[in-house]
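# Chains, contacts and geometry: an overview
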Amino acid sequence: MAMTLRENAMAIYRREQPDFYGDLMNAIELIADPILMGDMAPQDGKEHKDSWGTTYIFKPGAPGPHPHVTPENAVITDIERWEEQLVVPSLDHYDWTAAQAQAAAVDRSEKFVGYFCAGGLFERSHHLMGMMEAFVNYMEYPEEMAALLRRIAEYKKEAIRLAAEKLHPDIIFYHDDWGSKQNVFLPPDLWRQIIKPLQKEISDTIHECGMIYMHHADCICQPLVTDMVEIGVDIWQGVIAQNDIVEIQRVTEGKLAMVGGIDGPKVDIENITEEEIRAEVRRAIDTYCPGGRFYPSIPNGVCFREWNNSIVMDELASYGRKFAEEHPIR
């Protein structure tokens, strides 16, 4: 009897035999909760402020909104005065009725219910003041940045508890990019000093509420992977191929499930052949799935070119099943 998407995903998670290897995100129904939707900028190319006061622009055709922080509109212009400049939004006024109905409609034998927890500690910090200013402040004012992140972390924990109460999600899809395609953004020791302790508290809150902690970061995180295990990250979603994924599987001793591995930008280009696209999908499956607890996928979800994406998805569906059949877990 064929497994449901949820059963198949849990088989991979538990190192049991799956029917196929594929993207975990296909087994998750993300709920359009009122916190996320209330802060979502319209896709009109104009400036809009979110509940924290950050200005965003969502251009037509763009994959998502982006912060547009300038010296004139930054929420925090002086890190030594952050307490008087920052107003943390309230979580008391949201109507969860529609989100609760959406969650209730999910057949949890078929899929997981997921809560998309956007705006993690690092991302929220640079959205409040701008990226370059954040880098300078992390290096020159670590105590002030740690105090700011403490305030943000308390908000995140409150939001997670509220979502747990209202929606009873199976998975928290927590979003915080900690690096680029070249390296992590902060020196690892500084990250460990400021972000890691607070992230551990957030992880503990997720687990206390009985949920799986899936962390999205489609970037280099390799210098931090043993820390991610110590924090309690259950699944790392968005693992780009620029990480040495096989080495990460070795050093984390299989304690960190991962989603990604297909080099999306490599195949999401013009003038590429169908066979070249299929070869990249097979490379990712052949290289990373033997390590176990691995869900092959495009780290950011899809190719933006429709034809390229159709080939990736077709090969992932066919070869992911073939690999599972030919490589049974003993």
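Calculation rules
- Throughout this description, residue numbers start from 1 for each chain and increase along the sequence as written.
- At least 70 in pLDDT is required for a residue's local features to be given in this predicted model, at least 80 for side-chain atom pairs to be given and counted, and no such filter applies to totals for whole chains, interfaces and linings, which use all residues.
- Each side-chain value is derived from all of the structure's non-hydrogen atoms; neither hydrogens nor water enter the calculation.
- At least two bridges found by DSSP between two strands is the condition for calling them paired.
- Only DSSP runs of H or I with at least four residues qualify as helices, and only runs of E with at least two residues qualify as strands; both kinds are numbered from the N terminus onward.
- Fitting a line to C-alpha atoms yields each axis, with helices limited to the stretch in contact; the angle taken between N-to-C directions then spans 0 to 180 degrees.
- Note on contacts: a residue pair is in contact if any heavy atoms of the two residues lie within 4.5 Å.
- Whenever a carboxyl oxygen of Asp or Glu lies within 4 Å of a side-chain nitrogen of Lys or Arg, that contact is scored as a salt bridge.
- For the exposure calls, accessible area comes from a 1.4 Å probe over protein chains only, and a residue counts as buried if that area is under 20% of its type's maximum, exposed if over 50%, partly exposed in between.

To continue, consider the sheet that holds strand E10 (residues 294-297). Ordered in space as E1-E5-E6-E7-E8-E9-E10, the seven strands form an open sheet in which the pairing is parallel. Strands with a single pairing partner mark the edges of an open sheet, and in this sheet they are strand E1 (28-31) and E10. In this sheet, adjacent strand axes meet at a mean angle of 25 degrees when their direction is disregarded. Helix-sheet contacts for helix H7 (residues 142-167) involve E1, strand E5 (112-117) and strand E6 (171-175), and the interaxial angle to E5 is about 155 degrees.

Once that is clear, we can look at the pattern of salt bridges. In total, this model carries 27 salt bridges according to the counting rule given. A salt bridge links aspartate 50 to arginine 124; its shortest N-O distance comes to 3.0 Å. One end of the pair, aspartate 50, is in the loop between strand E2 (47-49) and strand E3 (55-57); the other, arginine 124, is in helix H5 (residues 121-129), and 74 residues separate them in sequence. Classification of aspartate 50 as buried rests on a relative accessible area of 9%. Since its relative accessible area comes to 7%, arginine 124 is described here as buried. Residue lysine 196 is joined to glutamate 230 by a salt bridge in which the shortest nitrogen-to-oxygen separation is 2.5 Å. Taken together, the residues span a long stretch of sequence, with lysine 196 in helix H9 (residues 196-208) and glutamate 230 in helix H10 (residues 225-231) at a distance of 34 residues.

Looking at where leucine 36 falls in the secondary structure, it is placed in helix H2 (residues 34-39). Judged by relative accessible area, leucine 36 falls into the buried class, the value being 18%. When the C-alpha positions of leucine 36 and aspartate 50 are compared, they lie 9.9 Å apart, and in sequence the two are 14 residues distant. What leucine 36 contacts, discounting residues up to four positions off in sequence, is Phe116 and Ala118.

Another point: the pairing of strand E7 (residues 212-216). Taken across its five residues, E7 has five buried, putting it largely inside the fold. Residues of E7 alternate between two faces, with Ile212, Met214 and His216 on one and Tyr213 and His215 on the opposite face, all of them buried. Across five bridges, E6 lies against E7 in parallel orientation. Residue phenylalanine 173 lies in a different strand from E7, and its bridge partner there is methionine 214. As judged from the three bridges shared by E7 and strand E8 (residues 235-239), these two strands associate in the parallel manner. Within E8, the residue paired with histidine 216 across the bridge is glutamine 237.

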